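# Residue-level structural notes
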Amino acid sequence: MFLRQRFYCLAAVIAVIMILGWAWLPFLWMGQVLLVLLGLELAVEAVVLWRTGSVSGTRCCADRFSNGDDNEVVVRVHSHYRLPVSLSVIDEAPVEFQRRDLTFSVRLKPQTGRALHYLLRPVRRGVCHFGRMYVFVSVALRLLERRFTLGEEKTVAVYPSFLLLRQYELLAFSQRLNEMGIKRLRRPGNNTEFEQIKDYVKGDEYCAINWKATARRGRLMVNVYNEERSQRVYCVIDKGRMMQQISRGMTYLDYAINASLVLSFVSLHREDRPGIVTFDARVSTFLPAERREGQMQAILEQLYRERTAFAESDFSSLVATLGQRVQHRSLLVLFSNFSTPQALRRQLPYLQQLTRRHRVLVILFRDNEIEQFARQRPTTEEACFQQVMAQQAMADKQLIASMLRQYGMETLLVRPEDLSIRLLNQYLDMR
C-alpha cells in the first residue's frame, strides 16, 4: 500500500482547519468531520483495491534490436476490476538507454485493456537487459494506490542495422532503390559481359557498333554489355582507436558496420560476392567473399561480435593478410579515419600495395560537430582561435581525400548518417 501525494495535501488542509479551531470552535468540528471522511475514503479504497480485482500486463519487443534505428516496444495492460481505475505504468528499460520518461498514466474502464507504445534507439552493439514492469493502481479520489509487479525480465541483443537492411531488401526486390536516393547508373560499353545486339538509337556509343550485324541487317546495330557479375567485394573495417569517434551517439565503427551490412546485401542481390575483413593491431576477422546460402547471416553474426581494443591500426598486417588470402582482383571498401595528412603518409606505402592488386575505395568521415562549429560566428578571441583550428581540421580532411585520389584510390568523404546511401551509389557507379 502506498499513500499518494494527494492524501498528504488533504491531511495538511485538515490539520490547518483543526488548528484554526483554537480560535473558532466550528473549525475544530469541521476538521474532525473531514478527518473521519478521509479515514473512511482510505478504508473504502483499500477494500476496493485489494478485494475487487487485479491488473495483468506484458511487454512485447523483438529479441534483437537494430543498432542506430528506432525499435518499438509495446506494453499491454489489462484491468480486471469491476469499476474504472487509474494506472501509472513504469517500464524498466535497459540502463544503456538512460530513459527516465517511461512512465505512462492510463485510465481504464472496467474489464478493459490498452497497449502503450514507445521507441528505443540503441547506439552500440551488445546485450541489454529489461527489468520488470511496475503498475500502480488507484481508484475514486486516488488517495491510495496498489502496486503490481508484472512482466518478465528480458535480455535483448543489439545487432547491426538490420531494420535498414529490410528496407533495402523490399525496395531491391521491387526495383525501387531509387526511392531511397540510390541511382542506378547504366553505362553501355563500360561493362564487360555481352548481353545482346540491338538496333542503334540516338545516344548509343559509336564504339559499340557491331559492323558485322550492321552489314547483315542493313541498318546500324550495337552490342549491349551487361554488368560484370561475381565480383568479389570486401568491406575492410578499421577497428582502431580513431574509429571510436562519436557522431549522434554512435561511433564511426558502428556506422561502418551498418553500411557494410547494407553493401553486402545489395552486392549479393547484384550477384556479386561479399566478404568481410576487420583489423586493428592485427587482422581479427576474415570472412571470404562468397555467394552462397547463409552468407548474409554469417556476415550479420560476424559484425555483431566485432569489438575494439582501442589499439593503433596496423596496415602492414592488413596488406600481408590480404596478399596471402585474396588471390583474385577484388573491390576493397576500406572504412578508416585519418586525422591528419601526416597520419595518412605513414600508411600510404601499404595502401599503394593494395591498389596495385585491387580496386580500392576509401571511406572517410566528416566531423559534423567541427563543421558546425566552423560555421559559427566567433564572439571571443578564444572562440576565434578554436574556429581557425576547426577550419584547419576541415581542410586537412579535404587534403587527405585529394592525396588518396592522387594515388589512384577512389575516395568518399561523407557524413556518417549519409554513409549507406552514398556508399551504395558509389558502388553502383564503380561496377
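In this convention, every chain numbers its residues from 1, walking through the sequence in written order. In keeping with the model being predicted, local features are shown solely for residues with a pLDDT of at least 70 and side-chain atom pairs are shown and tallied solely at 80 or more, while totals for entire chains, interfaces and linings include all residues. Excluding hydrogens and water, the side-chain values take into account all heavy atoms of the structure.

### Focus on the sheet that holds strand E11 (residues 154-159)
Strands were regarded as paired on the criterion that DSSP finds at least two bridges between them. For helices the rule is a DSSP run of H or I covering at least 4 residues; for strands it is a run of E covering at least 2, with both sets numbered from the N terminus onward. On the basis of which strands lie adjacent, the open sheet formed by 3 strands has the order E3-E11-E8 and mixed pairing. Two strands in the sheet have a free side with no partner beyond their single neighbour: strand E3 (64-66) and strand E8 (126-130). Ignoring strand direction, the axes of neighbouring strands in this sheet form an average angle of 35 degrees. Where E8 lies against E11, 5 bridges are found, and the strand directions are antiparallel. Bridge assignment links cysteine 128 to a residue of E11, and that residue is valine 156. Only heavy atoms matter for contacts: two residues are in contact if any of them lie within 4.5 Å across the pair. Only the stretch in contact is used when fitting a helix axis, every axis being a line fitted to C-alpha atoms; angles between N-to-C directions are given from 0 to 180 degrees. The strands that helix H6 (residues 295-304) touches are E3, E8 and E11; relative to E11, the one it contacts most, it runs at about 105 degrees.

### Topic: helix H2 (residues 25-51)
Under the convention used throughout, the expected extent of a helix is 1.5 Å for every residue step, that is, one less than its residue count. Taking 1.5 Å of rise per residue, 27 residues should cover 39 Å, and H2 covers 39 Å from first to last C-alpha, within 8% of that figure. Throughout this description, buried means an accessible area under 20% of the type-specific maximum (1.4 Å probe, protein chains only), exposed means over 50%, and partly exposed covers the range between. Looking at H2, one finds that the buried residues are Gly31, Leu38, Glu41, Leu42, Glu45, Val48 and Leu49. Residues of H2 that are buried in the fold lie against strand E1 (2-3), helix H1 (5-20), strand E9 (133-138) and strand E10 (144-150).

### Side note on the confidence of the model for the protein chain
A residue-level look at the protein chain finds 92% of positions with pLDDT of 70 or above and a mean pLDDT of 88. Residue-level confidence of the predictor, termed pLDDT, takes values from 0 up to 100. Scored below 50 in pLDDT, residues 172-176 makes 7 contacts in the model with residues more than four places away or belonging to other chains. Counting interchain partners and residues more than four positions distant, the pLDDT-below-50 stretch residues 184-190 has 12 contacts.

### Some points on the environment of leucine 344
In this fold, leucine 344 is placed in helix H8 (residues 341-357). Residues leucine 344 and methionine 403, spaced 59 residues apart in sequence, show a C-alpha to C-alpha distance of 8.7 Å. Discounting residues that sit within four places of it in the chain, leucine 344 has contacts with Phe338, Leu351, Ile400, Met403 and Leu404.

### Quick notes on the packing of helix H9 (residues 368-375) against helix H10 (residues 381-406)
Their axes nearest at 8 Å, the elements H9 and H10 cross at an angle of 130 degrees. On the basis of the axis angle, H9 is oblique to H10. Here the hand of the crossing between H9 and H10 comes out left-handed. Each of Ile370, Glu371, Phe373, Ala374 and Arg375 in H9 lies in contact with H10, whose residues at this interface are Ala383, Gln386, Gln387, Ala390, Gln391, Ala393 and Met394. Throughout this entry, Asp, Glu, Lys and Arg are counted as charged residues, while Ala, Val, Leu, Ile, Met, Phe, Trp, Tyr, Cys and Pro are counted as nonpolar. The remaining residues, Gly among them, count as polar. Counted by class, the contact of H9 with H10 contains 7 nonpolar, 3 polar and 2 charged residues. Just so you know how the angles are binned, under 35 degrees is roughly parallel, over 145 roughly antiparallel, 65 to 115 roughly perpendicular, and the rest oblique. Handedness of a helix crossing follows the sense of rotation of the near helix relative to the far helix, less than a right angle counterclockwise being left-handed and clockwise being right-handed.

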